[in-house]
Amino acid sequence: MHKRRSAILAAGLLLAMTAALFAQTNKEASSMPKIGDMAPDFTLKHFDGNDLKDVKLSDYRGKKNVVLAFYIFAFTGG
């Protein structure tokens, strides 16, 4: 159960980071990914309950399916 929760948390954090990358307003509209495009690689920090670790999207490429979802105002209390 703990591994599943950590995996869900990691996926959520990956998503949040991806959304932040795509939300940059200084990029041209043509550089936005289309449905079905491969997500760009990025790194974020993940707390596993003991340590803060780097997690890269490329760590999962070809090994596991990764679903990126975006929830507006998730975990913000607002």
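Residues numbered from 1 in each chain as written. Predicted model: local features only at pLDDT ≥ 70, side-chain atom pairs only at ≥ 80, totals over all residues. Heavy atoms only, no water.

Asker: Give me the layout of surface pockets: which residues, what numbers.
Answerer: Put simply, the largest pocket is a space of about 590 Å³. Along the walls of the largest pocket sit 21 residues, with I8, L9, G12, L13 and F75 positioned nearest its centre. Taken together, the elements giving at least two residues each to the lining of the largest pocket come down to α1 (2-22) and β1 (43-47). Of the residues forming the lining of the largest pocket, the biggest block, ten residues, is contributed by α1. In terms of residue class, the lining of the largest pocket is made up of 14 nonpolar, five polar and two charged. (1 Å grid on protein atoms, 1.4 Å probe; cavity = no way out; pocket = protein on both sides within 12 Å on 5 of 7 lines; lining within 4 Å. Points joined across faces, edges and corners; volume = space filled by probe spheres on them. Helix = DSSP H or I, 4+ residues; strand = E, 2+ residues; numbered from the N terminus. Nonpolar A, V, L, I, M, F, W, Y, C, P; charged D, E, K, R; others polar.)

Asker: I'd like a description of the pairing of β1, backed by residues and values.
Answerer: The alternating pattern of β1 places L44 and H46 on a buried face and T43, K45 and F47 on a face that is not buried. Across five bridges, β1 lies against strand β2 (residues 52-56) in antiparallel orientation. In the sheet register, K45 faces β2, and the bridge partner there is D54. Connecting β1 to the next strand, β2, in antiparallel fashion are four residues, including G49 with a positive phi near 105°. (Buried < 20%, exposed > 50% of the residue type's maximum accessible area, 1.4 Å probe, protein only. Pairing = 2+ DSSP bridges.)

Asker: Hey, could you go over the side chain of D48 for me, with residue numbers and the actual values?
Answerer: Along the polypeptide, D48 turns up in the loop between β1 and β2. A polar contact of 2.9 Å, which involves the side chain of D48, links it to the backbone nitrogen of N50. A polar contact is formed between the side chain of D48 and the backbone nitrogen of D51, at a distance of 2.8 Å. (Polar contact = N/O pair within 3.5 Å; in protein donor to acceptor, adjacent residues only side chain to side chain.)

Purely spatial values, then, with no claim about function.
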